[in-house]
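So you can see what is in the structure, the chains are spelled out below.
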Amino acid sequence: MITIVDYQMGNLRSVSKAIQRVGEETLITSDPGEIASAEKLILPGVGGFKDAIAELNRRDLANPIRDFIDSGRPFLGICLGLQMLFDSSEEGGQHEGLGIIPGEVVRFPADPALKVPHMGWNQVQITQPTPLMQGIEPGTHFYFVHSYYVKPTDRSVVAIEADYGAPFCAAIWRNNLHATQFHPEKSQGNGMKLLKNFVSLDAPGG
């Protein structure tokens, strides 16, 4: 069973359907107890950082998410679900994140040659062999929709990079914590492979 965090700002149905397509059942919930007891957890996200963090805090979900990650069980953040793991974001001012990964969320710099948001397919490069990319060729393409990107303080957590005017972090990996800037649920075959790899991860004691 894969638990998906519901805070009214994620593309919950498409993530749930994608997980079901790779052979696993899902539970969509905003209940802190169900999140705390989950076997594997996905934090999706679409929208603005400020409102998303406010909703997590209003629903008392921030600490259960932190505790889940600390427990060593498999966790996947998607898009805004990646960005909220960081210390802060400059989107709409300065706002505190969950503080799980040191670093900040910044906007793509102004460039007449580039449209912001960065939207569509982009090629990625694997910078460390994350378990989520097993069986997926380097240089493959995933689907992105974002105006901001993460800048980890510790470069060792960067698992995947893409280029949009300059290289940026497209995914992170630290122990049981996995998170992508791109949307695997919108990335067709390779996205399904990535989600299948997540579903197949062993939990502690598994």
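Attention here is on the structure that accompanies the text. Treat the numbers as computed from the prediction; the structure is a model and nothing was measured. (Residues numbered from 1 in each chain as written. Predicted model: local features only at pLDDT ≥ 70, side-chain atom pairs only at ≥ 80, totals over all residues. Heavy atoms only, no water.)

## Comments concerning the pairing of strand β13 (residues 177–180)
Two faces make up the sheet, and in a regular strand the side chains alternate between them. As a reminder, the rule being used: Note on classification: 1.4 Å probe, protein chains only; a residue is buried when its accessible area is under 20% of the maximum for its type, exposed when over 50%, partly exposed between these limits. Think of it this way: any DSSP run of H or I at least four residues long counts as a helix, any run of E at least two long counts as a strand, and we number them from the N terminus. If DSSP finds at least two bridges between two strands, the strands pair.
The alternating pattern of β13 places Leu177 and Ala179 on one face and His178 and Thr180 on the opposite face, and all of these are buried. Note that strand β4 (residues 75–78) and β13 share four bridges and pair parallel. Paired with Leu76 across the bridge in β13 is His178. Bridge analysis of strand β12 (residues 167–174) against β13 gives four bridges, and the strand direction is antiparallel. Within β13, the residue paired with Ala171 across the bridge is Thr180. Between the end of β12 and the start of β13, which pair antiparallel, lie two residues, with Asn175 showing a positive phi angle near 55°.

## A look at the side chain of Thr3
What counts here: Two residues qualify as a contact provided that any one of their heavy atoms is within 4.5 Å of a heavy atom in the partner residue.
Relative to the elements of secondary structure, Thr3 occurs in strand β1 (residues 2–5). Excluding residues that lie within four positions of it along the chain, Thr3 makes contacts with Leu27, Thr29, Glu34, Ala38, Lys40, Leu41 and Ile42.

## Observations regarding the environment of Leu82
Assignment of secondary structure puts Leu82 in helix α5 (residues 80–83). Along the backbone, Leu82 and Asn175 are 93 residues apart, and their C-alpha atoms lie at a distance of 15 Å. What Leu82 contacts, discounting residues up to four positions off in sequence, is Gly77, Val150, Ile172, Ala179, Thr180 and Gln181.

## Here we look at the sheet that holds strand β10 (residues 148–152)
Strand order in the open sheet made by the four strands is β6-β5-β7-β10, with mixed pairing throughout. Looking at strand neighbours, the two that pair on one side only are β6 (95–96) and β10, the edges of this open sheet. Sheet topology note: the strand β5 (residues 86–89)/strand β7 (residues 101–107) ladder contains three bridges and is parallel. Within β7, the position partnered with Ser89 by the bridge is Val105.

## Regarding the side chain of Gln181
Stated precisely, the cut-off is as follows: Any pair of nitrogen or oxygen atoms within 3.5 Å is treated as a polar contact; in protein, a donor-acceptor pairing is required on top of that, and neighbouring residues in sequence qualify only through side-chain atoms on both sides.
Relative to the helices and strands, Gln181 is located in the loop between β13 and α6 (188–199). Residue class for Gln181 comes out buried when judged on its relative accessible area of 0%. A polar contact of 3.1 Å, which involves the side chain of Gln181, links it to the side chain of Gln83. Leave out the neighbours within four places in its chain, and Gln181 touches Cys79, Leu82, Gln83, Phe144, His146, Tyr148, Tyr149, Cys169 and Ala170.

## What about the sheet that holds β13?
Note the following rule: Lines fitted to the C-alpha atoms define the axes, with helices restricted to the stretch that makes contact. Angles between their N-to-C directions range from 0 to 180 degrees.
Spatial ordering of the open sheet is given by β2-β1-β3-β4-β13-β12-β11-β8-β9, a layout of nine strands whose pairing is mixed. Here the strands that pair on one side only, and so sit at the sheet edges, are β2 (26–29) and β9 (141–146). Going across the sheet, the axis of each strand differs from the next one's by a mean of 30°, ignoring polarity. In terms of strand pairing, strand β3 (residues 40–43) meets β4 through three bridges, oriented parallel. In the sheet register, Ile42 faces β4, and the bridge partner there is Leu76.

## Here's the deal with empty space enclosed by the protein
Threshold: Throughout, the protein atoms alone are placed on a 1 Å grid, and a set of points is a cavity if a 1.4 Å probe fits but cannot get out or a pocket if it is open with protein on both sides within 12 Å along at least five of seven lines; lining residues have an atom within 4 Å of a point. Grid points are joined across faces, edges and corners, and a volume is the space filled by probe spheres set on the points. Each residue is assigned to one of three groups, with Ala, Val, Leu, Ile, Met, Phe, Trp, Tyr, Cys and Pro labelled nonpolar, Asp, Glu, Lys and Arg labelled charged, and all others, Gly among them, labelled polar.
One pass over the full model with this rule turns up one cavity of 30 Å³ or more. Lining of the largest cavity is provided by Thr130, Leu132, Met133, Ile160, Ala171, Ile172, His178, Ala179, Thr180 and Leu194. Mapped onto the lining of the largest cavity, the elements with two or more residues apiece are β12 and β13. Counting residues per element, the lining of the largest cavity draws most heavily on β13, which supplies three residues. Residue composition of the lining of the largest cavity, by class: seven nonpolar, three polar and no charged.

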